Amino acid sequence: MSDISYLEALEVSKVFGRRNRSKTAVDGVSLSVKAGDSVGIVGESGSGKSTMARMLVGLLPPDKGLVAFNGDDVSQLRGKQKSDFRKDVQMVFQDPYASLNPRMTIFDQLAEGPRLYRLYDGEQRLRAAIEELFMSVGMSLEHLNRYPREFSGGQRQRVCIARALAVQPRILICDEPVSSLDVSIQAQILNLLKDKVSELNLTLIFVAHDLAVVKYLCSSMAVMERGKIVEQGDSDSIFTNPIHEYTKSLLKAIPTPNPIAERERLSRAKVQ
Amino acid sequence: MLSSRPILEISNLSIDFKTKDGAERKVLENFNLRLYEGQRIAVVGESGSGKTVMASSILRLLPEAHSSGEILFKGENLMLATSRRVSEIRGAEIGMTFQDPLSSLNPIMTIGDQVSEVLRIRGVSKKEASDRTVVLLQELGIEDAPSRLNSYPYEFSGGMRQRVLLAMSVIASPSILIADEPTTALDVRVQAQVMATINQFTSKRNLATIFISHDLSVVAGFADYVVVMYAGRVVEEGPVDEIFYRPAHPYTRGLLDSIPSIDQSSEKRLNSIPGVTPEPGQRSHGCVFRDRCDRAKETCSTKAPELLTTGEQHLVRCHFPLLPLSISKSKG
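All residue numbers refer to position in the chain's written sequence, counted from 1. The naming scheme follows written order: chains are lettered A onward, ligands numbered 1 onward. Restriction of local features to residues with pLDDT of at least 70 applies here, the model being predicted, together with a cutoff of 80 or more for giving and counting side-chain atom pairs; totals for whole chains, interfaces and linings are based on all residues. Water and hydrogen atoms play no part in the side-chain values, which are based on all heavy atoms of the structure.

Chemist: In this structure, what is going on with the overall build of chain A? I would like to understand it.
Modeler: Helix numbering and strand numbering both begin at the N terminus, where a helix is a DSSP run of H or I of at least 4 residues and a strand a DSSP run of E of at least 2. Of the regular secondary structure elements, chain A holds 10 helices and 10 strands. Here the globule rule is a power law, 2.2 Å times the number of residues to the power 0.38, and the radius of gyration is based on C-alpha atoms. The C-alpha atoms of chain A give a radius of gyration of 20 Å, which matches the 19 Å a tight globule of 272 residues would have. Sorting the 272 residues of chain A into buried and exposed places 51% on the buried side. Should any heavy atoms of two residues lie within 4.5 Å, those residues are considered in contact. Restricting to contacts in chain A with at least 6 residues of sequence separation, those with at least 24 account for 65%. Working definition of accessibility: Shrake-Rupley area with a 1.4 Å probe, residue cover restricted to the visible protein chains. For chain A, the accessible area works out to roughly 13100 Å², and carbon and sulfur atoms hold 47% of it. The charge count treats Lys and Arg as positive and Asp and Glu as negative. His and the chain ends do not count. Taken as the charge location is NZ of Lys, CZ of Arg, CG of Asp or CD of Glu. Taking the average place of the 36 positive charges on the side chains of chain A and the average place of its 33 negative ones, the gap between the two points comes to 6 Å. Relative accessibility under 20% of the residue-type maximum defines a buried residue, over 50% an exposed one, and the middle range a partly exposed one, all with a 1.4 Å probe and only protein chains included.

Okay, structure coming up:
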């Protein structure tokens, strides 16, 4: 077992709500993500995929089971180890409007993490590093001292990606990072993520409802339905040879920009 | 299939909004559309393209906008009609559904009352309105419709709410349905079911439909004719197969290339369109797409391209289109 997992969920469960009106969002799920993996978690709304992501990054404690980072239970981490975990595992959220602080300049938001972890010697080096990073996500330097409200959704998502990368993480968890963006902007952000993952050798956990998007970025994926993983494996083989009925029905429902095939499908569809 | 006269004919429709500082923001410029009986037109574009503003203005839902042009419904100019007349047309002649089913439904009114209200306002008896509501809800795929009449919107799932909205917009048997992003908020499997419902319903009634979407894939199987909009203008339009298989505008090509495909190898990069859509007010002279276009040349910044013919019913607004232009000029 030299092959140590970077991040691992062991039989994690999460229940929301009071006893008589409770809902099990994640139900005993295990998932192991090794260094350099790119793993997709796909499912529809209510499948538990976002709850899963939040537990992996440590934003939600699991009710049962545990999340392990480099073999250690995340909930037991203290001191340096805990701070390493928080730095090494970063997250990009779905809504770039809600996930930036409206009253802080972009620079201050990008510098907050590196300052906390004392990544750079002196303000000058910090600024140089942030500037380089900021340009590398496709933004121009004159925007660095502005506020989030001055940017479009796509630009804000670039800022959020830059903020996550600013602390030099090893694992990037993205929860539906492109689902609120226009198609042409979506493609830009997907390409940016793809480039950054390979350039920085990042481990990627990508949560999305869109299987085609997940396939574009992830070599393997886990399909979730009602809090459980129903199918898991190599992306290509899940697409070419899905086993579980739920995966099949998801794949069958994806519309494609192909009028001939789509007309055929619509004419066969039953109205239930 | 196409009868000689369109039931809806929009000519030179332009819409401006005044900002607080008094500046005018053009959000739609010289829009033209002809909708024939039973025809399905998809209007596709990203945020800020003007698609929703266009659709809303057909039923005069934008009182604060300054609009010019002509909207002829069965020969009657809706731009000049009295508000009373427009109220009669809403629902009865032209039905409209909106993107967000939850905010479009009244949370404290039962489903049955909301759907049958359209009929009750027009003097249909309570019994008959309720009967017709049940029949329609069943046809639109709501199981056990009689017992669901007394349910409230919160008791329905997103897909079911969208079916209720659809029922409200078609219960008075309009001749046109305007559907504004009806499946956008839905999960992919529910989206497929709702599309199948809309498809079956509109074809059975031969209902002319304007379907607004940001997603080309969603309309691929449904539409006969596709209008692609960008920054307040039509950049390309034509029969659905032409638009998807032989796009002529670099923007349409770019949109199609931006969609990740499940068949595509993941090693291949997506051909994304660089840059962002210019805001109204920042749209300068020349072609609105030129800053994002890899085919742009000097002409594109000095002269605005016209909408010209490139094939059978296929129009494109580009100085350097991907397909050759026909010699004869269209009226676009």
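Chemist: Quick question: what am I supposed to make of the layout of surface pockets here?
Modeler: By volume, the second largest pocket amounts to about 1000 Å³. Residues are called lining when one of their atoms sits within 4 Å of a cavity or pocket point, these points coming from a 1 Å grid over the protein atoms alone, where a cavity is a set in which a 1.4 Å probe fits but cannot get out and a pocket is an open set with protein on both sides within 12 Å along at least five of seven lines. As for the second largest pocket, its lining consists of 36 residues, of which B:Arg189, B:Val190, B:Gln191, B:Ala192 and B:Gln193 are closest to the centre. Contributing elements (two or more residues each) for the lining of the second largest pocket: helix 9 (245-253) and helix 10 (259-268) of chain A together with helix 3 (101-104), helix 7 (158-170), helix 8 (188-205) and helix 9 (216-220) of chain B. It is helix 8 of chain B that provides the largest number of residues to the lining of the second largest pocket, a total of 7 residues. Grid points are joined across faces, edges and corners, and a volume is the space filled by probe spheres set on the points.

Chemist: Explain the nonpolar core to me, please; I cannot follow it from the model alone.
Modeler: Inside soluble globular proteins, nonpolar side chains tend to come together where they are buried. Buried Ala, Val, Leu, Ile, Met, Phe, Trp, Tyr and Cys residues that are joined via side-chain atoms within 4.5 Å together make up what is termed a nonpolar core. Counting residues in each nonpolar core, the largest one holds 62 residues, and the members touching the most others are B:Phe211, B:Val226, B:Phe244 and B:Tyr251. Those residues in contact with B:Phe244 that lie beyond four places of it in its chain are A:Pro257, A:Asn258, A:Pro259, B:Leu216, B:Val219, B:Ala220, B:Val226 and B:Leu256. Core analysis: the second largest hydrophobic core is formed by 56 residues, A:Ile130, A:Ile161, A:Val223 and B:Leu270 among them.

Chemist: For this particular structure, what's the right way to read the packing of helix 7 of chain B against helix 8 of chain B?
Modeler: Helix packing for two helices is described by the angle between their axes and how far apart those axes are. Residues and elements named next belong to chain B. To get an axis, a line is fitted to the C-alpha atoms, and for a helix only the part in contact is used. The angle between two axes follows their N-to-C directions and goes from 0 to 180 degrees. For the pair helix 7 and helix 8, interaxial distance at closest approach is 10 Å and the crossing angle is 20 degrees. Viewed along their axes, helix 7 and helix 8 adopt a mutual orientation that is roughly parallel. Of the two possible hands of crossing, helix 7 and helix 8 adopt the one that is right-handed. Residues Gly159, Gln162, Arg163, Leu166 and Val170 of helix 7 touch helix 8, and the partners they reach there are Val190, Gln193, Val194, Thr197, Ile198 and Phe201. Nonpolar residues are Ala, Val, Leu, Ile, Met, Phe, Trp, Tyr, Cys and Pro. Charged residues are Asp, Glu, Lys and Arg, and all others, Gly as well, are polar. Taken together, the residues of the contact of helix 7 with helix 8 sort by class into 6 nonpolar, 4 polar and 1 charged. What sets the label is the angle itself: under 35 degrees gives roughly parallel, over 145 gives roughly antiparallel, 65 to 115 gives roughly perpendicular, and the rest give oblique. Note on convention: near helix rotated counterclockwise from far helix by under a right angle means a left-handed crossing. Clockwise means right-handed.

Chemist: Before we go on, may I ask you to explain helix 8 of chain B in this structure?
Modeler: Along an α-helix, residues three or four positions apart point the same way, because every turn accommodates 3.6 residues. All names here are of chain B. Between its first and last C-alpha atoms helix 8 spans 26 Å; for 18 residues at 1.5 Å apiece the expected length is 26 Å, and the two agree. Within helix 8 the residues assigned to the buried category are Val188, Gln191, Val194, Met195, Ala196, Thr197, Ile198, Asn199, Phe201 and Thr202. Phi for Asn206, located one or two positions after helix 8, is positive at around 55 degrees. In a helix, the anticipated span is given by 1.5 Å times the number of residues less one.

Chemist: Please clarify how the sheet that holds strand 9 (residues 220-225) of chain A should be interpreted in this entry.
Modeler: In a beta sheet, neighbouring strands are held together by backbone hydrogen bonds and run either parallel or antiparallel to one another. Residues and elements named next belong to chain A. By the convention used here, strands pair only if DSSP detects at least 2 bridges between them. Taken together, the 6 strands give an open sheet; going across it, the order is 6-7-8-3-9-10, and neighbouring strands pair in mixed fashion. Edge strands, defined here as strands with exactly one partner in the open sheet, are strand 6 (89-92) and strand 10 (228-234). When the angles between neighbouring strand axes are averaged without regard to direction, this sheet yields 15 degrees. Two elements, strand 6 and strand 7 (residues 171-175), share 4 bridges in a ladder whose sense is parallel. Bridge assignment links Gln90 to a residue of strand 7, and that residue is Leu172. Sheet contacts for helix 1 (residues 49-57): strand 3 (38-42), strand 6, strand 7, strand 8 (203-208) and strand 9; angle to strand 6, the most-contacted strand, approximately 145 degrees. Seen against the sheet, helix 9 touches strand 9 and strand 10 and runs at an angle of roughly 100 degrees to strand 9.

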